[in-house]
Amino acid sequence: MNGKKSIVRRVLIFSLLMGIILFIMMFASAFRQANDSYISIDVDTMELVQFDGPKENDPVAIVDTTIGEFRFVLYPQYSPNAVKNFTELAESGYYDGTYVFNSDSGAYSAAGAPNKDGTSNDSSHELVERELHQNLWPFRGAICALNTTVDRGWKEHLLGGGTYYNGSRFAIVNSIEFTEEMKEEFRQISDSQELAEAFIENGGVPNFSQQMTVIGQTYQGMDVVEKLSNLETIDTGSNKMPKDDIMIISVKIDTYKAE
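Thresholds applied
Residues numbered from 1 in each chain as written. Predicted model: local features only at pLDDT ≥ 70, side-chain atom pairs only at ≥ 80, totals over all residues. Heavy atoms only, no water. Helix = DSSP H or I, 4+ residues; strand = E, 2+ residues; numbered from the N terminus. Buried < 20%, exposed > 50% of the residue type's maximum accessible area, 1.4 Å probe, protein only. Contact = heavy atoms within 4.5 Å. Areas by Shrake-Rupley, 256 points an atom, 1.4 Å probe, with all protein chains shown as cover. 1 Å grid on protein atoms, 1.4 Å probe; cavity = no way out; pocket = protein on both sides within 12 Å on 5 of 7 lines; lining within 4 Å. Points joined across faces, edges and corners; volume = space filled by probe spheres on them. Nonpolar A, V, L, I, M, F, W, Y, C, P; charged D, E, K, R; others polar. Axes fitted to C-alpha atoms, helices over the stretch in contact; angles between N-to-C directions. Parallel < 35°, antiparallel > 145°, perpendicular 65-115°, else oblique. Left-handed = near helix turned anticlockwise from the far one by under 90°. Salt bridge = Lys/Arg side-chain N within 4 Å of Asp/Glu carboxyl O. Pairing = 2+ DSSP bridges. Phe/Tyr/Trp six-rings, centres within 6.5 Å; stacked < 30°, edge-to-face > 60°. Lys NZ or Arg CZ within 6 Å of the ring centre and 35° of its normal.

Chemist: Before we move on, could you go through the overall build of the chain and cite the residues and values that matter?
Modeler: Regarding its fold elements, the chain presents 6 helices and 11 strands. In the chain, buried positions account for 42% of the 259 residues. A separation of at least 24 residues holds for 76% of the contacts in the chain among residues at least 6 apart in sequence. Counting only carbon and sulfur atoms, one obtains 52% of the accessible surface of the chain, whose full area is about 14,300 Å².

Chemist: Quick one: what's the story with the layout of surface pockets, residue by residue and with numbers?
Modeler: Approximately 230 Å³ is the volume found for the second largest pocket. Along the wall of the second largest pocket there are 15 residues; nearest its centre are Phe101, Asn102, Ala110, Leu146 and Asn239. Secondary-structure elements contributing two or more residues to the lining of the second largest pocket are strand E3 (98-104), strand E4 (108-113) and strand E6 (142-151). Sorting elements by how many residues they give to the lining of the second largest pocket places E6 first, with 3 residues. Taken together, the residues of the lining of the second largest pocket sort by class into 6 nonpolar, 7 polar and 2 charged.

Chemist: Report on the packing of helix H4 (residues 180-189) against helix H5 (residues 193-202), specifying residues and quantitative values.
Modeler: As a packed pair, H4 and H5 sit with axes 8 Å apart at the nearest point and diverge in direction by 160 degrees. Relative to H5, the element H4 is oriented roughly antiparallel. For the pair H4 and H5, the sense of crossing is right-handed. Residues Lys183, Phe186 and Arg187 of H4 touch H5, and the partners they reach there are Gln193, Ala196, Glu197, Phe199 and Ile200.

Chemist: Tell me about the pattern of salt bridges, and please be specific about residues and values.
Modeler: Within the structure shown, the criterion is met by 10 salt bridges. Between Glu197 and Arg187 there is a salt bridge; the shortest N-O distance is 2.5 Å. Of this pair, Glu197 sits in helix H5 while Arg187 sits in helix H4, and the two are 10 residues apart along the sequence. Judged by relative accessible area, which is 26%, Arg187 ranks as partly exposed. For Asp254, the salt bridge is made with Lys252, and the minimal N-O distance between the two is 4.0 Å.

Chemist: Any chance you could break down the pairing of E4 for me, citing the residues and the numbers?
Modeler: Of all 6 residues making up E4, 6 are buried, and the element is well covered by its neighbours. With antiparallel pairing between neighbouring strands as the criterion, E3 and E4 make up a hairpin whose turn holds 3 residues, including Ser105 at a positive phi of roughly 55 degrees. Inspection of the sheet shows E4 paired to strand E7 (residues 163-173) by 4 bridges, in the antiparallel sense. Looking at the pairing, Ala111 lines up with Phe170 of E7.

Chemist: Give me the packing of aromatic side chains: which residues, what numbers.
Modeler: Here the structure, examined in full by the defined rule, presents 13 aromatic pairs. Judged by centre distance (5.4 Å) and plane angle (90 degrees), the ring pair of Tyr219 and Tyr256 falls under edge-to-face. One end of the pair, Tyr219, is in strand E8 (residues 213-220); the other, Tyr256, is in the segment after strand E11 (247-255), with 37 residues separating them in the sequence. Ring-pair connections join several aromatic residues into one group, and the members of that group are Phe70, Phe72, Phe86, Tyr94, Tyr95 and Phe170. Against the face of Tyr164 rests Arg130, its NZ or CZ located 4.1 Å from the ring centre.

Structural data, given as structure tokens:
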């Protein structure tokens, strides 16, 4: 009889422990999802500044590649540290002779690596804390600093979040294909119809939203942006590496002058 009671007691304790563990896991999952939102978006004050175009004396980058030139306005007011990092590297000549190392199915390309496989030789410019802003989104033509690593303690491993960093290499956003079904679904799930319509009408990669630091927006050379994202590639497992070497010849920092 005592043996049966002991077994029942153990079963009850085990069930209780499993219930507590399940509750903790459910709480952690819910907290992680909330915590991984990273920033709060106020749709009433959000401004889609990327469609305004550059203004007189705005800082711009002129990128000359082996398949053509494109230009983008920089946003130091929203991403000061990432823009400073990019500007310093460009002015030092760092990007001259670097590779376009990824070209992904017409959606985007990635560039600015000294090695063809996309790796960097110098870690000194790879730990710039990620800067997200509700006014900047991965629309077609957006330039985003690629994430490099994330710093997480045990709490972040359990509950999500952490400090994300970006570095020297950057993504050049073109666009996914928006099917009619995708457009309708996007309109339904988006908290902002203005934002949803902006993606649908102008293109971009919504999955990148609030994941990478946006440092600029292309205003000239969109044909080159599209070409860079549609290169013939070799799938290396980590990248879709261009079959032919596509290089950045130079990156020049200047100010915008209205013609």
